[in-house]
Amino acid sequence: MSHRALDETSCDEESGSGSETSEDGFDDVNSSKRKGSVIGCTPTFLMTEALCGITVALAMVPEAVAFSLSAGLKPKVGLLTTFIISLFTSLVGGRPAMASGATGSIAVLLSPILASHGKEYMFYAIILMGIFEIALGLIGMGNLVRLVPIPVEIGFCNGLALVIAFAQLNSFKMPEEPSAGRLLSDVPEAFSPLVDGKPWVSGQSAIFFGVIVLTAFLVCIFMPKLTERVPAALAAIAVGTAVEWGVVRAIFHSSTTLIGDLGSAGGSFPLPVWFDSQYQMPPLNGTTFGAVVSLAITMTAIGMLESCMTLTVVDEITKSKGNVVQECVGQGVANIVCGAFGG
């Protein structure tokens, strides 16, 4: 799966702390550089980054699992994707206040090629997508996003928010229950949880589901009013987990679905897919290229549009300037590595 994360989580927005904070609650990185400070040399900055990293990592786990399931893949594929994309985009490209990982807009495109050709062709499509992104980024195609009207940008953000929301609906289904066969072929993949026929959680488990979700939601809203030193999302995850294990399981002897219940996410460090015995990679020839090029072009267009528009939104929020070329190249390198290692 690939790959620019929709929920471009701002670490500084979550923590609200740092070396110098602007009126919006974001670290003024450019101001720090002008004063001659070296980013990462202060304990406050390191603590902020550590908290942000933990928060984003924990927040991405259920999202990556949900996107994997929506694409018909095992949860560990989504987690591997998120790990590789986050690491390499940060090292090669990216900007402050943006995080990378598996994304729903790409996940919903993968089902057809998985059904017709299998995972091996999907890997080639992702690698080719990365090559296209690097090439288009270097010639400045990403700058064309500045021509997109503001209403389109608003609709884009809201649409991708809905993709994430619908992807989470799988978490409210009974784990490992077979489909009742009511999935319609003409239904968009994002809406499949509504029509796939899998039973929803019910009874006491459903009540506790609602309680934990509401608790986490309220913590996210009210935590910043109490303190900005601890990211609200991290506090919500901690409180929700405590309610599950300390109340639901310990007191009521009930349970809700855990991420581990949706499928195994374990395994060894990945090998290149050409050396992994579980894959039978097809030869690199014209037939293989023809099977994946249209999907690669589509994913490239959506991935670059998503990244560059998100970059524009973050620029507006943080009152800073991101590098579109660096963003596209970083994403392209990350996708090449991701496809080569089975993400």
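Just so it is clear, the structure is predicted and the values come from calculations on it, not from any experiment.

Parameters and conventions
- Residues numbered from 1 in each chain as written.
- Predicted model: local features only at pLDDT ≥ 70, side-chain atom pairs only at ≥ 80, totals over all residues.
- Heavy atoms only, no water.
- Helix = DSSP H or I, 4+ residues; strand = E, 2+ residues; numbered from the N terminus.
- Buried < 20%, exposed > 50% of the residue type's maximum accessible area, 1.4 Å probe, protein only.
- Contact = heavy atoms within 4.5 Å.
- Patch = residues over 30% accessible without salt bridge, like charges linked within 9 Å, V, L, I, M, F, W, Y side chains within 5 Å.
- Areas by Shrake-Rupley, 256 points an atom, 1.4 Å probe, with all protein chains shown as cover.
- Salt bridge = Lys/Arg side-chain N within 4 Å of Asp/Glu carboxyl O.
- Phe/Tyr/Trp six-rings, centres within 6.5 Å; stacked < 30°, edge-to-face > 60°.
- Lys NZ or Arg CZ within 6 Å of the ring centre and 35° of its normal.
- Axes fitted to C-alpha atoms, helices over the stretch in contact; angles between N-to-C directions.
- Parallel < 35°, antiparallel > 145°, perpendicular 65-115°, else oblique.
- Left-handed = near helix turned anticlockwise from the far one by under 90°.
- Core = buried A, V, L, I, M, F, W, Y, C linked by side-chain atoms within 4.5 Å.
- Expected span 1.5 Å × (residues − 1).
- Bend = angle between axes of the 7 residues up to and from the residue.
- Polar contact = N/O pair within 3.5 Å; in protein donor to acceptor, adjacent residues only side chain to side chain.
- pLDDT = per-residue confidence, 0-100.

Attention shifts here to the overall build of the protein chain. On a plain count of helices and strands, the protein chain comes out with 13 helices and zero strands. In the protein chain, the order of α-helices and β-strands from amino to carboxyl end is α-α-α-α-α-α-α-α-α-α-α-α-α. Every one of the 343 residues in the protein chain was classed for burial, and the buried ones make up 45%. Within the protein chain, contacts between residues at least 6 apart in sequence are counted, and of these 77% link residues at least 24 apart.

Where nonpolar side chains cluster on the molecular surface, the patch consists of F83, L87, L91, V92 and F269 and spans about 510 Å² of accessible area. Summarising the element assignment, L87 is placed in helix α4 (residues 75-92). Assessed through its relative accessible area of 35%, L87 is described here as partly exposed.

Scanning the entire structure with this criterion turns up four aromatic pairs. Seen from their ring centres, Y124 and W274 are 6.2 Å apart, and the 55° between their planes marks the pair as tilted. Note that Y124 is positioned in helix α7 (residues 119-138) and W274 in the loop between α11 (232-249) and α12 (286-318), a separation of 150 residues in sequence. Ring centres 5.2 Å apart and planes at 55° place the aromatic pair F208 and F252 in the tilted group. Residue F208 is found in helix α10 (residues 203-226), and its partner F252 is found in the loop between α11 and α12; the two are separated by 44 residues along the sequence. Given the relative accessible area of 43%, F252 is considered partly exposed. The ring of W200 has K173 lying over it, and the distance from NZ or CZ to the ring centre is 4.5 Å. Lying over the aromatic face of W245, R249 brings its terminal NZ or CZ to 4.4 Å of the ring centre.

For any two helices packed against each other, the geometry is given by the interaxial angle and the distance between the axes. Where α7 contacts helix α13 (residues 324-340), the axes come no closer than 7 Å and their chain directions differ by 160°. Taken together, the axis directions place α7 and α13 in an arrangement best described as roughly antiparallel. Regarding α7 and α13, the two cross each other, and that crossing is left-handed. Along its contact with α7, which presents F123, I126, I127, M129, G130, I131, E133, I134, G137 and L138, the element α13 presents V325, C328, V329, Q331, G332, V333, N335, I336, G339 and A340.

Let's shift gears to the nonpolar core. In this structure, L110, I113, M122, V292 and M299 are the most contacted members of the largest nonpolar core, which totals 29 residues. For this core, the secondary-structure elements that each account for two or more residues are α3 (43-71), α5 (104-107), α6 (111-116), α7, α8 (150-167) and α12. Per element, the largest residue contribution to this core is eight residues, and it comes from α7.

Relative to the 42 Å expected for 29 residues at 1.5 Å per residue, α3 spans 41 Å between its end C-alpha atoms, a close match to the ideal helical length. Most pronounced at M60, the bend in α3 amounts to some 30°, and the proline P62 follows within four residues.

The next subject is α13. An ideal rise of 1.5 Å per residue puts 24 Å on 17 residues; α13 measures up with 24 Å between its terminal C-alpha atoms. Counting buried positions over the 17 residues of α13 gives 13, a clear majority of the element. Between the side-chain oxygen at the start of α13 and the backbone nitrogen of V325 there is a gap of 3.0 Å, and the oxygen is on N323.

So, about the environment of P62. Its place among the elements puts P62 in helix α3. Residue P62 is classed as partly exposed on the basis of its relative accessible area, which comes to 30%. C-alpha of P62 to C-alpha of G260: the two residues are 198 residues apart in sequence and 10.0 Å apart in space. Apart from residues lying up to four places away in sequence, P62 is in contact with Q168 and I259.

Model confidence for the protein chain is summarised by a mean pLDDT of 78, while 82% of its residues fall at 70 or above. α7 holds the highest mean pLDDT among the elements of the protein chain, 93, whereas helix α1 (residues 11-15) holds the lowest, 38. Note on residues 2-40: pLDDT is under 50 here. Beyond four places in sequence and across chains, it has 105 contacts. Overall, residues 178-184 carries pLDDT values under 50, and its contacts beyond four positions in sequence, including any with other chains, amount to 14 contacts.

Along the chain, the position of T256 falls in the loop between α11 and α12. A polar side-chain atom of T256 sits 2.6 Å from a polar atom in the side chain of E244. With residues up to four places along the chain from it excluded, the contact list for T256 reads S205, F208, F209, I212, E244, R249 and D261.

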